[in-house]
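As a plain string of letters, each chain reads:
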Amino acid sequence: MNKIKDIRNIAIIAHVDHGKTTLVDALLRQSGTFRSNQVVEERVMDSNDIEKERGITILAKNTAIYYGDTKINIIDTPGHADFGGEVERVLKMVSGVVLVVDSFEGPMPQTKFVLKKALELDLPVIVCINKIDRPEARPDGVIDEVLDLFIELGANEEQLDCPFIFASAREGTSSLDMEKQEEDMKPLFETIVDFVPAPAGSEEDPLQLLISTIDYNEFVGRIGIGKVERGTIKLNQEAVIVNKEKEGESKKVRITKIYEFEGLNRVEVKEATVGDIIAVSGVEGIHIGDTICDVSNPEALPFVKISEPTLSMTFSVNDSPLAGQEGKFVTSRQVRDRLYKELQTDVGLRVEDTEKTDAFKVSGRGELHLSVLIENMRREGYEFQVSKPEVLYKDIDGKKCEPIEKAIIDVPEEYVGAVIEKLGQRKGELETMTPSNGGYTRLEFKMPARGLIGYRSEFMTDTRGNGIINTIFEGYEPYKGEIVMRPQGSLISFETGEAVAYGLYGAQDRGTLFITPGTKVYAGMIVGQNAKSEDMEVNVCKKKQLTNVRASGSDDALKLTTPKVLSLEEALEFITDDELVEVTPLSLRIRKSILDKSLRAKARKK
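- Under an unreviewed UniProt entry, the name given to the chain is Large ribosomal subunit assembly factor BipA, and the source organism is Gottschalkia acidurici.
- Taken from UniProt, the Subcellular location (unreviewed entry) comment for the chain reads in full: "Cytoplasm".
- The chain has a UniProt comment under Subunit (unreviewed entry) that states "Monomer."

Rendered as structure tokens:
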């Protein structure tokens, strides 16, 4: 039997949190990938610590399972808009997609984004309505919404005639009938094998392998992952690397290692043919978008243009009075090397040197994209400072243009007014307002990306944690004018030392504190948010003067309010243009860029 006919390459695509990774878990378990007694953690595909903690997928992951004699290569893709670049590239490797949609939420912004990409590439779509066992599931309504979305995105007759599967990834069951579940994933497996075409092409043709993803390993360096588009690739074969963007350039290489995916492992093989998704290592200087070709016939394959970054931040060496006490890597060279190393695997990122030798401009697809990089670096032992995220403007036909996002918000009815008022101040234009399920209202806004910086935590407060906000990049439009950001000022530490209860008790009437007694502080460090609009200096190190009249024991009676401990995202959202977040493996501190009070006043006057 011809090997080509026995492969199916699929990507699992969905909005964040609709259950892609859990679905892959169920497929892995039921295909016999794990031994019956093997202990397997949940969401086994999310391998990175941050992915596990936040329950999100950041990098696309490859795996392969067998169903009968058919090998199914599966790629689990990210659902967040910030990692959309990953999704676009991965779809070039597959012959079909499984679109996962929550049986209650229905299609969401990212569902639309990933489906649009799949339809543009003319890929067959299997719709999997997941979480069918949710008490509030409404599969009938969701089917209509999915079909409406297909029509809105200009799907043809063939694409509209797609199979629907109803599943509970958590329980590991699926069915073609929404009323009753079969006991396993067999209906989904069967649909994949029947509906997704096997790869086309000939093993005899000259080799073409398009690199869609890059992995990095300390021992072997860069690893290129892609699909063999035609021909056969063999161990120790001479080949040529070419790229559609760089016409006329080519580079001779030797293939030293080829891996296929099996379950969660990479297995070394001697050769691979048309349709195989493989990894190759030992190829110097390989990049995403390169095509590895036969020496006799170097033809580059076209590639998805990678979306441009929309936000930038300045990463600089930590120069606070507490610098170098908690981190392992603190010099500008170490920070620079780490940032440039990130470029090897993250194609959506840009890093540029600035006029200052100890500061670097880092641009990415969104706040989440950059905060994940910061979090990874601090966990590896790096210590540095970052500035407020800024949007990247473009000059289009002589006009200053800025990135525009579409924000889709679901909130309980009583909070609609507060959300509309806040986003109106941030230059948001309300496009539609429709009643949603369960007493919620869905609002759709078009607004500048900079208007969303710092809004999420405010949104959570305004909606008492009941609102859901999703955003997606729409394009560039002319500059929308000035936006007044954070109305409150900062509470700034007046001296260097250790915060004490007495000092904090005196400061807490001024606003919201971010620190507890015993926290090390320095002059110019921000210890809280002022209730008023201007910055204010407070002395949190002030001790009570002891006299023979008062007993020092009465200090214990001071009631301190619980401080607000900011997460990394909240700290980035909180700071203004003249403030920085100091990031170390153990602490997050907020500070003024100019620590000295008199120098700050001079800078303000200028």
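Further notes follow.
Focus on the overall build of the chain
- If you tally the helices and strands in the chain, you get 15 helices and 35 strands.
- Within the chain, the fraction of its 606 residues that count as buried is 52%.
- For the chain, restricting intrachain contacts to residue pairs at least 6 apart in sequence, the fraction spanning at least 24 positions comes to 70%.
- Within the structure as shown, the chain displays about 28,000 Å² of accessible surface, and the carbon and sulfur contribution to it stands at 48%.

Focus: the packing of aromatic side chains
- One pass over the full model with this rule turns up six aromatic pairs.
- Ring centres 5.4 Å apart and planes at 15 degrees place the aromatic pair Phe-315 and Phe-384 in the stacked group. You can see Phe-315 sitting in strand 18 (residues 311–317) and its partner Phe-384 sitting in strand 21 (residues 384–387), a full 69 residues away along the chain.
- Ring geometry for Tyr-455 versus Phe-459: centroids 5.7 Å apart, planes at 50 degrees, classification tilted. For the pair Tyr-455 and Phe-459, a shared accessibility class is recorded, and that class is buried.
- Of note, Lys-400 hangs over the ring of Tyr-393, and the distance from its end group to the ring centre comes to 4.4 Å.
- Geometry around Tyr-479 places Lys-400 over its ring, the cationic atom sitting 4.3 Å from the centre.

Here's the deal with a negative patch on the surface
- On the surface, Asp-140, Asp-144, Asp-148, Asp-177, Glu-179, Glu-182 and Glu-183 cluster together to form a negatively charged patch.
- When you line up the elements, Glu-182 lands in the loop between strand 7 (173–175) and helix 7 (186–195).

Focus: the pattern of salt bridges
- Per the stated rule, a full pass over the model turns up 28 salt bridges.
- With its nearest N and O atoms 3.4 Å apart, the salt bridge here joins Asp-102 to Lys-131. In this pair, Asp-102 sits in strand 4 (residues 96–102) while Lys-131 sits in the loop between strand 5 (125–130) and helix 5 (139–152), placing the two residues 29 residues apart along the sequence.
- The buried category is assigned to Asp-102, whose relative accessible area is 0%.
- A salt bridge links Arg-442 to Asp-410; its shortest N-O distance comes to 3.1 Å. Here Arg-442, found in strand 26 (residues 440–448), pairs with Asp-410, found in strand 24 (residues 399–412); they are 32 residues apart in sequence, far enough to count as distant.

A word on the UniProt feature "binding site: GTP" (unreviewed entry) in the chain
- UniProt feature "binding site: GTP" (unreviewed entry): in the numbering of this structure it lies at Asp-17, His-18, Gly-19, Lys-20, Thr-21, Thr-22, Asn-130, Lys-131, Ile-132 and Asp-133.
- By relative accessible area, which is 23% here, Lys-131 ends up partly exposed.
- Side chain to side chain, Lys-131 and Asp-102 meet in a polar contact 3.4 Å long.

Description of the pairing of strand 32 (residues 525–530)
- Of all six residues in strand 32, six are buried, a share of seventy percent or more.
- As defined by bridge partners, strand 28 (residues 490–493) adjoins strand 32 across three bridges and the pair is classed as antiparallel. Counted as the bridge partner of Ser-490 is Gln-529 from strand 32.
- Sheet analysis places strand 30 (residues 511–513) next to strand 32, joined by three bridges and oriented antiparallel. If you follow Thr-512 over to strand 32, its bridge partner there is Gln-529.

Let's talk about a positive patch on the surface
- Side chains of Lys-602, Arg-604, Lys-605 and Lys-606 sit close together on the surface and give a patch of like positive charge.
- Relative to the assigned elements, Lys-606 resides in the segment after helix 15 (597–605).
- For Lys-606, a relative accessible area of 88% translates into the label exposed.

Topic: the packing of helix 8 (residues 332–342) against helix 9 (residues 367–379)
- Here helix 8 crosses helix 9 at 130 degrees, and the two axes come no closer than 12 Å. Classed by the angle they form, the pair helix 8 and helix 9 counts as oblique. Between helix 8 and helix 9 lies a crossing of right-handed hand. Side by side, helix 8 and helix 9 meet where Val-335, Arg-338, Leu-339 and Glu-342 of the first sit next to Leu-373, Asn-376 and Met-377 of the second.

Considerations on the side chain of Thr-463
- Turning to its location among the elements, Thr-463 is positioned in the loop between helix 12 (456–462) and strand 27 (468–478).
- Here the side chain of Thr-463 touches Phe-459 through a polar contact of 2.9 Å, landing on its backbone oxygen.
- Only 3.2 Å separates the side chain of Thr-463 from the backbone nitrogen of Gly-467, close enough to count as a polar contact.
- Residues in contact with Thr-463, not counting those within four places in the same chain, are Val-411, Tyr-415 and Val-419.

Points about the environment of Ser-567
- Within the secondary structure, Ser-567 sits in the loop between strand 33 (536–538) and helix 14 (568–574).
- Residue Ser-567 is classed as partly exposed on the basis of its relative accessible area of 32%.
- As a C-alpha pair, Ser-567 and Leu-588 span 21 residues in sequence and 8.1 Å in three-dimensional space.

A closer look at the pairing of strand 9 (residues 221–230)
- The buried fraction of strand 9 amounts to nine of the ten residues, a majority that puts the element mostly inside the structure.
- With five bridges joining them, strand 9 and strand 16 (residues 277–281) adopt antiparallel strand pairing. Across the sheet, residue Lys-227 finds its bridge partner in strand 16, namely Ile-277.

Things to note about unusual backbone geometry
- We note that Lys-131 has phi near 60 degrees; this positive angle belongs to a residue other than glycine.
- Look at Lys-427: it is not a glycine, yet its phi comes out positive at around 70 degrees.
- Considering the arrangement of structural elements, one finds Lys-427 in the loop between helix 10 (416–425) and strand 25 (429–435).
- In this structure Lys-427 comes out as partly exposed when scored by relative accessible area, which is 31%.

Regarding helix 9
- An ideal rise of 1.5 Å per residue puts 18 Å on 13 residues; helix 9 measures up with 18 Å between its terminal C-alpha atoms.
- Counting buried positions along helix 9 gives twelve out of 13 residues, so the element sits mostly inside the fold.
- Of the residues one or two after helix 9, Gly-381 is the one with positive phi, at around 105 degrees.

Regarding the environment of Gly-327
- Relative to the elements of secondary structure, Gly-327 occurs in the loop between strand 18 and helix 8.
- Sequence separation between Gly-327 and Glu-380 is 53 residues, and the spatial gap between their C-alpha atoms is 9.1 Å.
- When near neighbours in sequence (up to four residues on either side) are disregarded, Gly-327 contacts Gly-381, Glu-383 and Pro-585.

Rules of the game
Residues numbered from 1 in each chain as written. Predicted model: local features only at pLDDT ≥ 70, side-chain atom pairs only at ≥ 80, totals over all residues. Heavy atoms only, no water. UniProt positions renumbered as here; feature names shortened; annotations may be inferred. Helix = DSSP H or I, 4+ residues; strand = E, 2+ residues; numbered from the N terminus. Buried < 20%, exposed > 50% of the residue type's maximum accessible area, 1.4 Å probe, protein only. Contact = heavy atoms within 4.5 Å. Areas by Shrake-Rupley, 256 points an atom, 1.4 Å probe, with all protein chains shown as cover. Phe/Tyr/Trp six-rings, centres within 6.5 Å; stacked < 30°, edge-to-face > 60°. Lys NZ or Arg CZ within 6 Å of the ring centre and 35° of its normal. Patch = residues over 30% accessible without salt bridge, like charges linked within 9 Å, V, L, I, M, F, W, Y side chains within 5 Å. Salt bridge = Lys/Arg side-chain N within 4 Å of Asp/Glu carboxyl O. Lys, Arg positive; Asp, Glu negative; His and termini not counted. Charge placed at Lys NZ, Arg CZ, Asp CG, Glu CD. Polar contact = N/O pair within 3.5 Å; in protein donor to acceptor, adjacent residues only side chain to side chain. Pairing = 2+ DSSP bridges. Axes fitted to C-alpha atoms, helices over the stretch in contact; angles between N-to-C directions. Parallel < 35°, antiparallel > 145°, perpendicular 65-115°, else oblique. Left-handed = near helix turned anticlockwise from the far one by under 90°. Expected span 1.5 Å × (residues − 1).

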